[in-house]
Amino acid sequence: MGKRTKIILGVVIVIVVAAIAIPMYMSKQYSTFRAEVIDHMDMLDTLELLTIRKIPTSDPNNEEEVIIRDPQEIKEMLKLAKDIELRRVRKMDISERNSYYYEWRLLIKKEDRFTEGFGITFYNEHAVSIYSEYKTRDKHEDYEITNAINFNEMERLFTNLKEGKE
């Protein structure tokens, strides 16, 4: 094989590898709440428990908590977040701090054999962290929310649940 043929073959290989690797890399950077949490549940799974904690940023010890055990109510809360679009980030920007943030702990019974959990922290309208027990690597990921999340609606639902439980 001539030198020119080897160079052309090398360039073609680099282009093919780049054409495959770049889209794969980019697809891992963007995701949705549905892909990160909801899609890991199947028909045989049971929504066991959703604990929602509202934590003031000024005094983390003064938190409020609601525990939901009804699978239908858990589904309603998950519907609030299902269409959130995410972009994975290395370092989260929580400079726009609200006076409080929400921490969700979701437990799912997988086919009545074992329990799997998620920890979801909504810092503000633009930042969320998701901890996934099912993952073997990168269990904790930080995301920027790229579309709108209605924090006021989350507050309203939390207040309604809190008043209903007391």
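Above this text you will find the structure in question.
The notes below deal with the structure included here.

Calculation criteria
- Every residue gets a number counted from 1 within its own chain, in the order that chain's sequence is written.
- Residues qualify for local features only when their pLDDT is at least 70, as the model is predicted, and side-chain atom pairs are given and counted only at 80 or more; totals for whole chains, interfaces and linings, by contrast, use all residues.
- Processing note: side-chain calculations cover all non-hydrogen atoms of the structure and skip hydrogens and water entirely.
- Numbering of helices and strands starts at the N terminus; helices are DSSP runs of H or I of at least 4 residues and strands are runs of E of at least 2.
- Buried means the residue's accessible area, taken with a 1.4 Å probe over protein chains only, is under 20% of the maximum for its type, while exposed means over 50%, and partly exposed covers the values in between.
- Any two residues having at least one pair of non-hydrogen atoms within 4.5 Å are treated as being in contact.
- Every accessible area reported is derived by Shrake-Rupley at a probe size of 1.4 Å, with residue values counting cover from the shown protein chains alone.
- The salt bridge criterion pairs a side-chain nitrogen of Lys or Arg with a carboxyl oxygen of Asp or Glu, the two atoms within 4 Å.
- Contacts described as polar in this section are N or O atom pairs within 3.5 Å, which, within protein, must combine one atom able to donate a hydrogen with one able to accept it, while residues neighboring in sequence count only if both atoms come from side chains.

Within the chain one finds 4 helices and 8 strands. The order of helices and strands in the chain, counted from the N terminus, is α-β-α-β-β-α-β-β-β-β-β-α. Sorting the 166 residues of the chain into buried and exposed places 35% on the buried side. Here the analysis covers contacts within the chain between residues at least 6 apart in sequence; of these, 64% occur between residues at least 24 apart. Accessible area for the chain stands at about 10,600 Å²; split by element, carbon and sulfur atoms hold 53% of it.

Per the stated rule, a full pass over the model turns up 10 salt bridges. As a salt-bridge pair, Arg-88 and Glu-141 come within 3.0 Å of each other at their nearest N and O atoms. Within this pair, whereas Arg-88 is found in strand 4 (residues 85-89), its partner Glu-141 is found in strand 8 (residues 140-145), the two being separated by 53 residues in sequence. Each of Arg-53, Glu-63, Glu-103 and Arg-105 takes part in salt bridges that share partners, so that together they form one network.

Note on placement: Arg-53 falls in strand 2 (residues 46-56). Residue Arg-53 is classed as buried on the basis of its relative accessible area, which comes to 13%. A polar atom in the side chain of Arg-53 sits 2.8 Å from the side chain of Glu-63. The contacts of Arg-53, once residues within four sequence positions are left out, are Glu-63, Glu-64, Glu-65, Tyr-101, Tyr-102, Glu-103 and Arg-105.

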